[in-house]
Amino acid sequence: AKSDPLVVCEMGESGEHIIAGCGELHVEICLKDLKDDYAQCDFTVSDPVVSYRETITDKSSTTCLAKSPNKHNRLWMEGCPLGDEYANDIDAGKLGAKHDAKERAKELAEKYDWDKNHALKIWCFGPETEGANVVVDTTVAVQFLNEIKEHVVSAFQWATKEGPICEEPMRATRYDIKDVTMHTDAIHRGAGQIMPATRRCVFACEMTASPSLQEPIFLVDITAPVDAQGGIYNCMNQRRGIIFHEEQRAGTNLMQMRAHLPVAESFGFTGALRQATSGQAFPQCSFSHWETMQGGDPFSEGSKLNVLCLAIRKRKGKKEEIPPLGEYLDKL
């Protein structure tokens, strides 16, 4: 981390060190430096890991209720998708937590058809107060609601950082607080009561709103001679890549191609592309956007998403099963 300002080093919960770089070659060089120059010892390197985002693709099938541990406070919430367009705006720093609330509400009402009153009552963004998830207060005439606001907000930051399905951060989700009943005595509605209830309620909302995963997508720029086109298409098709733009440079026989390629499929891509085009194609990858995965339901055994979620849980040292909804949802 000291030798290269572009690298992010962190320690995972399982005790392994994670080195994040901006591409395969970059990480490879960092590991070589670490092995030969800095640590001067051998270490084992696991397969490269892609970080996913948990998201929801539908409105909650039911209003979720969570009770506090002392059973005196109740929260009713519903989840719904935030919409990719608005999520991308938040990621880009537009219409996010730093914006003036009134201006933001006006934009949301005009551009994204939000209810003006709801847009003014966005409590917070998460994770880390600036992610693409929001809590909206849609309650009517609830007493003492402001007293529990900060507890709900901190529980939401915690919940959106590690979702229920495979403990990945959430993205593009919106949670509406429908109703709250609280104990009249302030001592019985402290952080210890409200936070666990809010977290479980957010999880239950995600689980009932047909959850899915979003995967990161690279934008790949490829420059190659015209006769190498066939090899590029073959290589892309094998890796779920989609070529969406190609043009010939005027006066040359070079093609400029742009494609979207899932990061999960990009390991070994450079080598494979060079092999397929006998060294004539040069790819340049940069992060483009997040895309919701098609792969069935994470809860149905054997589906593509289910297998992926279980693999992520196994890697993180968690129980190798997706927790059932009953773990988070309370009965009336």
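Now for a quick tour of the structure.

The rules we used
- Residues numbered from 1 in each chain as written.
- Predicted model: local features only at pLDDT ≥ 70, side-chain atom pairs only at ≥ 80, totals over all residues.
- Heavy atoms only, no water.
- Patch = residues over 30% accessible without salt bridge, like charges linked within 9 Å, V, L, I, M, F, W, Y side chains within 5 Å.
- Areas by Shrake-Rupley, 256 points an atom, 1.4 Å probe, with all protein chains shown as cover.
- Salt bridge = Lys/Arg side-chain N within 4 Å of Asp/Glu carboxyl O.
- Lys, Arg positive; Asp, Glu negative; His and termini not counted.
- Charge placed at Lys NZ, Arg CZ, Asp CG, Glu CD.
- Helix = DSSP H or I, 4+ residues; strand = E, 2+ residues; numbered from the N terminus.
- Buried < 20%, exposed > 50% of the residue type's maximum accessible area, 1.4 Å probe, protein only.
- Axes fitted to C-alpha atoms, helices over the stretch in contact; angles between N-to-C directions.
- Parallel < 35°, antiparallel > 145°, perpendicular 65-115°, else oblique.
- Left-handed = near helix turned anticlockwise from the far one by under 90°.
- Contact = heavy atoms within 4.5 Å.
- Pairing = 2+ DSSP bridges.
- Core = buried A, V, L, I, M, F, W, Y, C linked by side-chain atoms within 4.5 Å.
- Phe/Tyr/Trp six-rings, centres within 6.5 Å; stacked < 30°, edge-to-face > 60°.
- Lys NZ or Arg CZ within 6 Å of the ring centre and 35° of its normal.
- Expected span 1.5 Å × (residues − 1).
- Arc of directions from axis to C-beta.

### Here's the deal with a negative patch on the surface
In step 1: Side chains of D100, E103, E107 and E110 sit close together on the surface and give a patch of like negative charge.
In step 2: With respect to the helices, strands and loops of the structure, E103 is situated in helix α3 (residues 101–112).
In step 3: Residue E103 is classed as exposed on the basis of its relative accessible area of 53%.

### So, the packing of helix α5 (residues 149–161) against helix α6 (residues 191–207)
In step 1: Where α5 meets α6, the closest approach of the two axes is 8 Å, and the angle between their N-to-C directions is 45°. Taken together, the axis directions place α5 and α6 in an arrangement best described as oblique. As α5 runs across α6, the sense of the crossing is right-handed. Facing α5, whose interface residues are H151, V152, S154, A155, F156, W158 and A159, α6 presents A191, I194, M195, T198, R199, V202 and F203.

### Overview of the sheet that holds strand β5 (residues 74–81)
In step 1: Sheet architecture is open: five strands sit in the order β4-β5-β8-β7-β6, paired in mixed fashion. On the outer flanks of this sheet lie β4 (64–67) and β6 (122–126), each paired with one strand and no other. Adjacent strand axes in the sheet meet at a mean angle of 25° when their direction is disregarded.
In step 2: Examined bridge by bridge, β5 and strand β8 (residues 173–181) share eight bridges and lie antiparallel to one another. Directly across from M77, in β8, lies its bridge partner I177.

### Notes on the nonpolar core
In step 1: Of all hydrophobic cores here, the largest spans 55 residues; its most connected members are L213, I222, I232 and M236.
In step 2: It is α6 that provides the largest number of residues to this core, a total of eight residues.
In step 3: Non-local contacts of L213, meaning those with residues more than four positions away in its chain, are made with Y52, R53, E54, T55, C166, E291, T292, M293, L305, L308, C309 and I312.
In step 4: Counting residues in each nonpolar core, the second largest holds 16 residues, with L82, Y86, I90 and A172 among its members.

### Comments concerning the packing of aromatic side chains
The geometry of two aromatic rings is summed up by the distance between their centres and the angle between their planes.
In step 1: For the structure shown, the criterion picks out four aromatic pairs.
In step 2: Consider the rings of F287 and W290, whose centres lie 5.8 Å apart with planes at 65°: the pair is edge-to-face.
In step 3: Against the face of F144 rests R189, its NZ or CZ located 4.4 Å from the ring centre.
In step 4: For the cation-ring pair, R199 lies above W158, with the distance from its terminal atom to the ring centre recorded as 4.1 Å.

### Observations regarding α3
In step 1: With 12 residues, α3 should reach 16 Å at 1.5 Å per residue; the first-to-last C-alpha distance of 15 Å fits that figure.
In step 2: Among the residues of α3, those classed as buried are R104, A105, L108 and Y112. One side of α3 holds all its buried residues, which, seen down the axis, span an arc of 100°. The exposed residues of α3 that point more than 90 degrees off its buried face are K102, E103 and E110.
In step 3: Remark: D113 follows α3 within two positions and exhibits a positive phi of approximately 60°.

These figures capture arrangement, not role.
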